[in-house]
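Coordinate analysis (summary)
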Amino acid sequence: MAGRMVRSCVQTALKAVNSVVGLAGMAVILYALWMLRAWYREVAHLDQRLQVPWFIYTFLGLGIFLCLLTCSGHIAAETANGHCLSCYMIVVFVLIILEGAITVDVFLNTNWEEDFPPDPSGKFNEFKDFVRSNFEICEWIGLSVVAAQVLSIILGMVLRTLGPDLETDYDSDDDAVVPARLPLLRNQSQHGYAEPNTSRRSDSWKLRILDKVRCFWSPDKCFPLALTTF
């Protein structure tokens, strides 16, 4: 009973932490759609072909990936399957490594902007200016997302150690099998030992009838038979 309660608490905590990542993914998708809509408005009156706005589509793909990761995390938390939890933890771990590599490159490399291709939409520069002007808020949001990812890995390891809940199935099987077998055992005991007694009684009754018939037709033989009978 205690193990079931602990498993339920770990599953609920993993779902709650995983929801933080899902909310971040939905926010990224909304921001990417807003940038894409603004960019299409700007280029609607231009006849020339422009390059693909890689920053907008990268942001949109990142948001979709985070939402899919959240769905897979909820499925793994609900089923408590070892393979699902392992795949989920590996993907989150790789994502944390990529986020750490990009963060280290931005803070340690003074020319980190040259590592990215030019953005024709100009939204990349707008995003940099927004982060610089609201650095504290963006820092807390980033740390919260990373902390949620680390906690999801820890809770996933704990849930994988506990394993799925199989006690309910075993209890139901025991309750269903035992009452079904008892009547069968009783019926077999009743029928198995009652049939020889009834056959013996019927044979003795037939012998007595035959003896009486013989005594009626041959009285001289009735006396020896009576002696043997008694």
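Residues numbered from 1 in each chain as written. Predicted model: local features only at pLDDT ≥ 70, side-chain atom pairs only at ≥ 80, totals over all residues. Heavy atoms only, no water.

1. What to know about the overall build of the protein chain
When you go through the protein chain residue by residue, the secondary structure sums to seven helices and zero strands. Helices and strands appear in the protein chain in the N-to-C order α-α-α-α-α-α-α. Within the protein chain, buried positions represent 24% of all 230 residues. Within the protein chain, counting contacts between residues at least 6 apart in sequence, those at least 24 apart form 79% of the total. (Helix = DSSP H or I, 4+ residues; strand = E, 2+ residues; numbered from the N terminus. Buried < 20%, exposed > 50% of the residue type's maximum accessible area, 1.4 Å probe, protein only. Contact = heavy atoms within 4.5 Å.)

2. Points about the layout of surface pockets
Roughly 1,900 Å³ of volume is contained in the largest pocket. Every residue lining the largest pocket is counted, 39 residues in all, and those nearest its centre are Phe59, Phe127, Val131, Cys138 and Gly142. Contributions of two or more residues to the lining of the largest pocket are made by helix H1 (2-43), helix H2 (54-79), helix H3 (82-108), helix H4 (123-133) and helix H5 (135-162). Sort the elements by how many residues they give to the lining of the largest pocket and H5 lands first, with eleven residues. (1 Å grid on protein atoms, 1.4 Å probe; cavity = no way out; pocket = protein on both sides within 12 Å on 5 of 7 lines; lining within 4 Å. Points joined across faces, edges and corners; volume = space filled by probe spheres on them.)

3. A look at the packing of aromatic side chains
Scanning all chains against the criterion turns up 14 aromatic pairs. Linked through ring pairs, Tyr31, Trp34, Trp54, Phe55, Phe59, Trp112, Phe116, Phe124 and Phe127 together constitute an aromatic cluster. (Phe/Tyr/Trp six-rings, centres within 6.5 Å; stacked < 30°, edge-to-face > 60°.)

4. Notes on the nonpolar core
Generally speaking, a soluble globular protein has its nonpolar side chains buried in company with each other. Among the nonpolar cores identified, the biggest contains 19 residues, and Leu14, Val92 and Leu159 are the most heavily contacted of them. The biggest single contributor to this core is H3, with six residues. Leave out the neighbours within four places in its chain, and valine 92 touches Leu69, Gln149, Ser152 and Ile153. Grouped together as the second largest cluster of nonpolar side chains are 14 residues, Val43, Phe55, Ile56 and Cys67 included. (Core = buried A, V, L, I, M, F, W, Y, C linked by side-chain atoms within 4.5 Å.)

5. A short note on the confidence of the model for the protein chain
For the protein chain, the mean per-residue pLDDT works out to 77, and 68% of the residues sit at or above 70. A low-confidence stretch, residues 184-195 (pLDDT under 50), is modelled with zero contacts involving residues beyond four sequence positions or located in other chains. Low pLDDT (under 50) marks residues 223-230, which in the prediction has two contacts with non-local residues, meaning those over four places away or in another chain. (pLDDT = per-residue confidence, 0-100.)

6. Points about the packing of H3 against H5
Relative to each other, H3 and H5 sit at 150°, their axes nearing to 9 Å. Accordingly, the angle class assigned to the pair H3 and H5 is roughly antiparallel. Regarding H3 and H5, the two cross each other, and that crossing is left-handed. Judged by residue contacts, Gly82, Leu85, Ser86, Tyr88, Met89, Val92, Phe93, Leu95, Ile96, Glu99 and Phe107 of H3 engage Phe135, Val146, Gln149, Val150, Ser152, Ile153, Gly156, Met157, Leu159 and Arg160 from H5. For the contact of H3 with H5, a count of residues per class yields 14 nonpolar, five polar and two charged. (Axes fitted to C-alpha atoms, helices over the stretch in contact; angles between N-to-C directions. Parallel < 35°, antiparallel > 145°, perpendicular 65-115°, else oblique. Left-handed = near helix turned anticlockwise from the far one by under 90°. Nonpolar A, V, L, I, M, F, W, Y, C, P; charged D, E, K, R; others polar.)

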